[in-house]
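Structural overview for review
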Amino acid sequence: YGNFVDCLRLYVRGGTGGMGYPRLGGEGGRGGDVWFVAQERTTLKSIRDRYPQKRFLAGTGANSSVKALKGEKGKDCEVHVPVGISVLRDDGKHMGELNASGERLLAARGGLGGSLATNFIPCKGQRQIVRLDLKLIADVGLVGTVFLPLLFFSLGIVTTVQPELGKVMYADYKQISVADLPGLIEGAHANKGMGHKFLKHVERTKQLLLVVDISGFQLSVKTRFRTAFETILLLTKELELYKEELVTKPALLAINKMDLSCAKDNLNELMKQLQNPQDFLHLLQEEMIPENILEFKDIIPISTHSGEGIEELKARIRKSIDEEAEQENEEYRKKKLLLLQTSE
């Protein structure tokens, strides 16, 4: 992840209310509120760097006076945060999400001003520690056992605000956002390796693109060698153990390193295994076998080294995204039609 920050704890405090004016029944102004406002091109890292103390305080309400019996409200504090933020209290309670630019969330309410109800004594504002949790929002999430910067480069992806989020650009100016996520290893669901730091970002992607090496994979000399078929099942299992819904997402499979001499024979064997996966599950340890086998919309052999299959992969990604969008539109049209029919 480098300098990428996807979680940040902040202290927020609403403003104290203003003093009341007992003799004339004057009410002090309410304290200001602290708001989180979603804004494009904002990162958690920029918030941390700009506000190293990570404290956000709203203004105090104005006191009641002879000139102004009703005191003015204190100044609100607005904190610009990235799109795709979940806001949680320090005790873990979910406060809300900000998924579109301009959306607002009240983080700390200001205290009431002094009035008859409070014996003209002002109330303090709400104060708490909150956690901002970022989940990348992308059309496609790249899932693999290794980091995939070379595939990012091969696809011609233009990097945007975060180095892990980019866009595939097409000749007709169509853009598809892609999240380049860290390598997924055995035990990631239990937070090993990048663990949850990786898996939480998969939640916000519309589709998955699994990338496996046709020659297999071995994390280190201390771990077992995994064939391409085993790697696919391993990735599926880790996604499933973290959150079952992840394996119901539409998925494509890119088989990399097709420039190797043994690639074609290995590909033929892999295709047989994928066509009838149940016939080969006995070769694996029981704990590696997922409850549900991923069904791929397309399987595309590629080589990031030679460029083989890259253009076809880009075309298949777009076709898959367009098909899903059309399906969503059709479901939306059916719902609207049903509502019209029931209202009549």
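This text follows the structure it describes.
Description of the structure in this document. Keep in mind it's a predicted model, so treat the numbers as computed, not measured.

**A few points about the side chain of Ser303**
With respect to the helices and strands, the residue Ser303 is situated in the loop between β15 (296-301) and α6 (310-343). Only 2.7 Å separates the side chain of Ser303 from the side chain of Asp259, close enough to count as a polar contact. From its side chain, Ser303 meets the backbone nitrogen of His305 in a polar contact 3.3 Å long. The contacts of Ser303, once residues within four sequence positions are left out, are Asn256, Lys257, Met258, Asp259, Glu308 and Ile310.

**Section: the pairing of strand β14 (residues 251-256)**
β14 sits mainly inside the fold: six of its six residues count as buried. Of the two faces of β14, the one lined by Ala251, Leu253 and Ile255 and the one lined by Leu252, Ala254 and Asn256 are each fully buried. Examined bridge by bridge, strand β13 (residues 205-213) and β14 share six bridges and lie parallel to one another. In the strand pairing of β14, Leu209 is matched with Leu252. Both β14 and β15 contribute to a ladder of five bridges, which runs parallel. Paired with Leu252 across the two strands is Asp298, which belongs to β15. The parallel pair β14 and β15 is bridged by helix α5 (residues 263-275), and the resulting crossover is right-handed.

**Regarding helix α4 (residues 228-242)**
For α4, with 15 residues, the first-to-last C-alpha span of 21 Å sits near the 21 Å given by 1.5 Å per residue. Counting buried positions over the 15 residues of α4 gives 13, a clear majority of the element.

**So, the packing of α4 against α5**
Two numbers describe how α4 lies on α5: the axes approach to 9 Å, and their chain directions differ by 40 degrees. Classified by the interaxial angle, the pair formed by α4 and α5 is oblique. Taken together, the residues of α5 that come into contact with α4 (itself represented by Ala228, Phe229 and Ile232) are Leu270, Gln273 and Leu274. Its residues assigned to classes, the contact of α4 with α5 shows five nonpolar, one polar and no charged.

**Thoughts on a nonpolar patch on the surface**
On the surface, Leu24, Val66 and Leu69 cluster together to form a nonpolar patch covering roughly 250 Å² of accessible area. Along the chain, Leu69 turns up in the loop between β3 (55-57) and β4 (77-81).

**Section: the sheet that holds β3**
Strand order in the open sheet formed by five strands is β3-β1-β8-β5-β6, with mixed pairing between adjacent strands. If you trace the sheet from one side to the other, it starts and ends with β3 and β6 (94-98), each paired once. On average, adjacent strands in this sheet sit at an angle of 25 degrees to one another, irrespective of strand direction. Pairing geometry for strand β5 (residues 85-89) and strand β8 (residues 127-134), over five bridges, is antiparallel. Along β8, the bridge assignment pairs Ile85 with Leu134.

Rules of the game
Residues numbered from 1 in each chain as written. Predicted model: local features only at pLDDT ≥ 70, side-chain atom pairs only at ≥ 80, totals over all residues. Heavy atoms only, no water. Helix = DSSP H or I, 4+ residues; strand = E, 2+ residues; numbered from the N terminus. Polar contact = N/O pair within 3.5 Å; in protein donor to acceptor, adjacent residues only side chain to side chain. Contact = heavy atoms within 4.5 Å. Buried < 20%, exposed > 50% of the residue type's maximum accessible area, 1.4 Å probe, protein only. Pairing = 2+ DSSP bridges. Right-handed = clockwise from strand over helix to strand, strands pointing away. Expected span 1.5 Å × (residues − 1). Axes fitted to C-alpha atoms, helices over the stretch in contact; angles between N-to-C directions. Parallel < 35°, antiparallel > 145°, perpendicular 65-115°, else oblique. Nonpolar A, V, L, I, M, F, W, Y, C, P; charged D, E, K, R; others polar. Patch = residues over 30% accessible without salt bridge, like charges linked within 9 Å, V, L, I, M, F, W, Y side chains within 5 Å. Areas by Shrake-Rupley, 256 points an atom, 1.4 Å probe, with all protein chains shown as cover. Salt bridge = Lys/Arg side-chain N within 4 Å of Asp/Glu carboxyl O.

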